[in-house]
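Okay, here's what each chain looks like letter by letter:
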Amino acid sequence: MRTVFDPAAMRGSAFYRLLTASVVPRPIAWVSTRSRDGVLNLAPYSFFTVASSKPPILQFTSLGHKDSWRNITDTGEFVVNIGTESLIDVMNASSAEFAPDEDEFAETGLTPRESTVVSVPGVAEAPISFECVRHLILEVGNGSVVMGRVVSVSVRDDVLAGDGLPDFARLAPPSRLGRSEWGLPPDTVERVRP
Ligand SMILES: Cc1cc2nc3c(=O)[nH]c(=O)nc-3n(C[C@H](O)[C@H](O)[C@H](O)COP(=O)(O)O)c2cc1C
């Protein structure tokens, strides 16, 4: 037996809840931006993936025009930070609705870290930061897909394995599931691609 869901027949947020509990686990872009007035902003986005590898382009979706979207629209710069397990609570705290003039680094007790290329700081506590410049913003349904070309990446040395790549267990990135659930780093298995 299977249960069939018809998105058109579902009310309110019912289909959104099914969607977000089914497309799992989702990695989290912890996006830092700066407003035109210089106020720092930080928020997690789990509608997040790689759009292109050459040139390297990351994308996340803002459902509605949120502060991150506005800042990137205005300034053309952002940083995608990758969090680690111990930061779950503060990542979650940064999703609260702060007023546009509130510095979300200060509000959440995080440290801005000067970036290499862009003028927007990354999160010092996050093990990986991708510095991005706006590539394209695409309006799709109720989402704005924000794409950014990666111009620099910094990775904290303690998460790098001997081969120079981030090690999943050391990075320990939390993910977003459905409901109010977060995924913790699972086990890994290795398969060579045919
Ligand atoms: C783990 C997590 C993932 C989230 N993913 C998204 C997302 O993909 N798109 C979105 O619009 N909001 C998402 N949100 C909600 C935003 O973080 C929230 O609306 C936030 O206040 C937006 O901040 P901003 O207005 O400063 O950009 C997520 C929240 C959490 C806790």
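All values derive from a computational prediction rather than experimental measurement.

Tallied over the entire structure, the rule returns four salt bridges. Here Arg36 ties to Asp74 by a salt bridge, and the two come within 3.7 Å at their closest N and O atoms. You can see Arg36 sitting in the loop between β1 (29-34) and β2 (40-45) and its partner Asp74 sitting in helix α2 (residues 67-75), a full 38 residues away along the chain. The exposure class of Asp74 is partly exposed, given its relative accessible area of 29%. Asp158 is paired through a salt bridge with Arg156; the nearest N and O atoms lie 2.7 Å apart. Residue Arg156 is classed as partly exposed on the basis of its relative accessible area of 34%.

This brings us to the pairing of strand β4 (residues 56-63). Here five bridges tie strand β3 (residues 48-53) to β4, and the two strands are oriented antiparallel to one another. Looking at the pairing, Phe48 lines up with Phe60 of β4. Joining the antiparallel neighbours β3 and β4 is a turn of two residues. One ladder, built from seven bridges, connects β4 with strand β9 (residues 143-155); its direction is antiparallel. Note that in β9 the partner of Ile57 across the bridge is Arg149.

Together, Leu136, Leu138 and Val140 make up an exposed nonpolar region whose accessible area comes to about 230 Å². Locating Leu138 in the fold gives a position in strand β8 (residues 128-140). For Leu138, a relative accessible area of 38% translates into the label partly exposed.

What follows concerns the environment of Gly38. Checked against the element boundaries, Gly38 lands in the loop between β1 and β2. As a C-alpha pair, Gly38 and Asn71 span 33 residues in sequence and 9.7 Å in three-dimensional space.

Strand order across the open sheet formed by seven strands is β2-β1-β5-β8-β9-β4-β3, with antiparallel pairing between neighbours. Each edge of the open sheet is held by one strand with a lone partner, namely β2 and β3. On average, each strand axis in the sheet is inclined to that of its neighbour by 35°, with strand direction left out of account. For β1 and strand β5 (residues 77-82), the ladder comprises three bridges, and the chain directions are antiparallel. By the bridge assignment for β5, Trp30 is matched with Asn81.

A few words on the side chain of Asn41. With respect to the secondary-structure elements, Asn41 resides in strand β2. Overall, Asn41 belongs to the buried group, its relative accessible area being 5%. A polar atom in the side chain of Asn41 sits 3.3 Å from the side chain of Ser68. Setting aside residues up to four positions removed in sequence, Asn41 forms contacts with Val31, Ser32, Thr33, Asp67, Ser68, Asn71, Glu104 and Phe105.

Let us now look at the site of the ligand. Within the structure, the ligand sits among 19 residues, and Pro44, Tyr45, Leu63, Lys66 and Ser68 are positioned closest to it. One of the backbone nitrogen or oxygen atoms of Pro44 is found 2.8 Å away from an oxygen atom of the ligand. Contact between the ligand and Leu63: an oxygen atom at 2.7 Å from a main-chain N or O atom of the residue. Contact with the protein chains covers 88% of the free accessible surface of the ligand, which is 640 Å². Every element with two or more residues in the shell around the ligand is listed here: β2, β4 and α2. Take the shell around the ligand: its biggest share by element is four residues, from β2. Among the residues forming the shell around the ligand, the class breakdown is eight nonpolar, seven polar and four charged.

With 18 residues, the main nonpolar core has Val31, Phe48, Phe60, Phe78 and Val80 as its most contacted residues. Elements that contribute at least two residues to this core include exactly β1, β2, β4, α2, β5, β8 and β9. In terms of residue count, the dominant contributor to this core is β5 (three residues). Residues within four places of Val80 in sequence aside, it is in contact with Ala29, Trp30, Phe48, Leu58, Ile128, Ser129, Phe130 and Cys132. Core analysis: the next-biggest nonpolar cluster, separate from the first, contains 13 residues, Leu40, Ile88, Val123 and Trp182 among them.

Reading the values: rules and limits
- Residues numbered from 1 in each chain as written.
- Predicted model: local features only at pLDDT ≥ 70, side-chain atom pairs only at ≥ 80, totals over all residues.
- Heavy atoms only, no water.
- Salt bridge = Lys/Arg side-chain N within 4 Å of Asp/Glu carboxyl O.
- Helix = DSSP H or I, 4+ residues; strand = E, 2+ residues; numbered from the N terminus.
- Buried < 20%, exposed > 50% of the residue type's maximum accessible area, 1.4 Å probe, protein only.
- Pairing = 2+ DSSP bridges.
- Patch = residues over 30% accessible without salt bridge, like charges linked within 9 Å, V, L, I, M, F, W, Y side chains within 5 Å.
- Areas by Shrake-Rupley, 256 points an atom, 1.4 Å probe, with all protein chains shown as cover.
- Axes fitted to C-alpha atoms, helices over the stretch in contact; angles between N-to-C directions.
- Polar contact = N/O pair within 3.5 Å; in protein donor to acceptor, adjacent residues only side chain to side chain.
- Contact = heavy atoms within 4.5 Å.
- Near = heavy atom within 4 Å.
- Nonpolar A, V, L, I, M, F, W, Y, C, P; charged D, E, K, R; others polar.
- Core = buried A, V, L, I, M, F, W, Y, C linked by side-chain atoms within 4.5 Å.

Treat this as a map of the structure, not an account of what it does.
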